[in-house]
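Report on the structure
Residues per chain, in single letters:
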Amino acid sequence: MPDTIVSHDVDLVKGYMARPMEAGNYPGLVIIQEWWGLDEHIRDVTRRFAREGYVAIAPDLFHGEVTADPQEAGKLAGSLDRARAVRDTQAAMNYIQDSEFSNGKMGVIGYCLGGGVSLLTACNDSIDAGIVYYGGLPNPLDLLDNIEAPILAVYGEDEGERADELETELNNRGKSVQKHIYPGAGHGFFNDSGGNHNSEAAADAWEKTLAFLKANV
Amino acid sequence: MPDTIVTQDVDLVSGYLARPMEDGKYTGVIVLQEWWGLDEHIRDVTRRFARQGFVALSPDLYHGKQTADPDEARGLSSGLDRTRATRDVVASIDYLKNMEISNGSIFTIGYCMGGGISILTACKTDLAGAIVYYGGLPNPVEQLDDLNAPVLAIYGSDEIDRANDLEQALNERDKSVESHIYEGARHAFFNDSWDERYDKDASDDSWIKVMDFISKNS
């Protein structure tokens, strides 16, 4: 009798990893995508961090979907289950910590949509450094009570109020936060494949990010 | 200049899926491994559920490791981070729910180590039902306060105390529980790849109980 079922191995959560070629123990870094998905830009950023000595993974929060269309990106981001996104981020952290390359330290960095997920992960997990580029605040705000890691907040001038609010909320809770607002820069300024790229602000933010990571992971 | 890095796509969580060939809407069953890992027996059980008309998925809680050696299995099981395991199960639930052939109703069933994780998952997320074969209680047991799903608990008479503890802990909290204790059957009696422990009568009867429980709660 022919079988009536189909069976196969499946990948439940996927990601893109970049790490230094040389064997050793390196700090881990999870890179969280913008609302476009795990696209070539995010893969490029993941490689850049690997060249700086991090075991870096970008989890695929959209589970296979990538787009260059803002409307579709808005839909994907709007329907993203934030709790699932945090779990996928945690899966990436666990993967790094299980690997022979990990030194046990862990940072999380996210851009745009991923900035909010990065903060949310810092509210849920014990990490060593959390970095948010132009990301939203957690809802409800009291989730920030649980943050243990120092936070680096990087925003363009167009979102100065959001940056100030994040800083105030973290300060009010006695949390460690370092904020940078770039005059003349807008949302997405770090993305050198996007229309809002600001190379000066991006270069400076990159230096600040590396210094922050070096100090904490 | 040659690059100094290595890059690759990686599977952060993986599993084994079995589903009816025919398109349709099916209830989901997450099958949770014994302490041996995602071995051929658990894959076989996963396929059995698919043949009964379920979309069945077994996550690899050991992330690539499995063993037939009891000492190694004990080491893997005790080294398993329960929080991480529960997240992997929830990742499986997320995956199933997003499949076109899912009808949205999901059960967890776990054996031995997986039995405890089945219950633990039901304490952390909404399920249509949780089935435990000879599994441990959550630690701390107060996590059961958060459980919403009905529980089917199946034990051999060698673990009658454990079965009673679970039933009592659930009854005290007004949770729905149905327990069955099989006289003369021992821990792992459902595992037909383990001659010494397999009990065909208990195994067959408990399979019917499982089907009834799922059909009642779907």
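Before reading on, note that the structure itself is shown above.
Residues numbered from 1 in each chain as written. Chains lettered and ligands numbered in written order. Predicted model: local features only at pLDDT ≥ 70, side-chain atom pairs only at ≥ 80, totals over all residues.

So, unusual backbone geometry
Keep this limit in mind: Each helix corresponds to a stretch of at least 4 residues labelled H or I by DSSP, and each strand to a stretch of at least 2 residues labelled E; elements are numbered beginning at the N terminus.
A cis geometry characterises the amide bond from Asn-139 of chain A onward to Pro-140 of chain A, with omega recorded as 0°. Structurally, Pro-140 of chain A is set in the loop between β5 (129-133) and β6 (151-156). Cis peptide bonds are those with omega within 30 degrees of zero, and the linkage from Asn-139 of chain B to Pro-140 of chain B qualifies with 0°. Position of Pro-140 of chain B among the secondary structure elements: in the loop between β5 (129-133) and β6 (151-156). With a phi angle near 80°, Ala-188 of chain B is a residue other than glycine that sits in the positive phi range.

Remarks on the interface of chain A and chain B
Worth spelling out the cut-off: Contact between two residues is assigned whenever their backbone-derived C-beta positions fall within 7 Å. Residue polarity follows a fixed list, in which Ala, Val, Leu, Ile, Met, Phe, Trp, Tyr, Cys and Pro are nonpolar, Asp, Glu, Lys and Arg are charged, and the others, Gly among them, are polar. Strands are labelled as partners when DSSP assigns at least two bridges between them.
Residue-level contacts link 31 residues of chain A with 30 residues of chain B. Mapped by element, the contributors of at least two residues to the side of chain A that touches chain B are β1 (5-20), α1 (40-51), β3 (55-59) and α3 (82-98) of chain A. It is β1 of chain A that provides the largest number of residues to the side of chain A that touches chain B, a total of 16 residues. Here the residues of the side of chain A that touches chain B are counted per class, giving 16 nonpolar, 6 polar and 9 charged. Where β1 of chain A and strand β1 (residues 5-20) of chain B come together, 15 bridges link them in antiparallel fashion. Within the sheet, the bridge partner assigned to Asp-11 of chain A lies in β1 of chain B and is Ser-14 of chain B.

Description of the packing of α3 of chain A against helix α4 (residues 113-124) of chain A
Residues and elements named next belong to chain A. Put simply, the rule is: Where helices are involved, their axes are fitted lines through C-alpha atoms of the stretch in contact, as for all axes, and angles between N-to-C directions lie from 0 to 180°. Our angle categories are set so that under 35 degrees counts as roughly parallel, over 145 as roughly antiparallel, 65 to 115 as roughly perpendicular, and the remainder as oblique.
Running from amino to carboxyl end, α3 crosses α4 at an angle of 75°, the nearest separation of the two axes being 9 Å. One finds that α3 runs roughly perpendicular with respect to α4. Residue-level contacts link Arg-82, Ala-85, Val-86 and Thr-89 of α3 to Val-117, Leu-120, Thr-121 and Asn-124 of α4. For the contact of α3 with α4, the residue count by class is 4 nonpolar, 3 polar and 1 charged.

Thoughts on the pairing of β5 of chain A
Residues and elements named next belong to chain A. Condition: To sort residues by burial, count the other C-beta atoms lying within 10 Å of each one's C-beta; a count of 20 or more means buried, 12 or fewer means exposed, and anything in between means partly exposed. C-beta atoms are built from the backbone. Assignment of crossover handedness uses the view with strands pointing away from the viewer, where a clockwise path from the first strand over the helix to the second indicates a right-handed crossover.
Of all 5 residues in β5, 5 are buried; the element is thus mostly enclosed. With burial as the criterion, each face of β5 is covered, one bearing Ala-129, Ile-131 and Tyr-133 and the other bearing Gly-130 and Val-132. Here strand β4 (residues 102-111) runs beside β5; their pairing, made up of 5 bridges, is parallel. If you follow Tyr-111 over to β5, its bridge partner there is Tyr-133. You can see the chain leave β4, run along α4 and come back into β5, and the turn it takes is right-handed. As defined by bridge partners, β5 adjoins β6 across 4 bridges and the pair is classed as parallel. If you follow Val-132 over to β6, its bridge partner there is Ala-153.

Some details on the packing of helix α3 (residues 82-97) of chain B against helix α4 (residues 113-124) of chain B
Residue and element names in this part refer to chain B. It is the contact of α3 with α4, at a shortest axis distance of 10 Å, that shows an interaxial angle of 75°. Classified by the interaxial angle, the pair formed by α3 and α4 is roughly perpendicular. Contact residues: α3 offers Arg-82, Ala-85, Thr-86, Val-89 and Val-90, while α4 offers Ile-117, Leu-120, Thr-121 and Lys-124. Classifying every residue of the contact of α3 with α4 by side-chain character gives 5 nonpolar, 2 polar and 2 charged.

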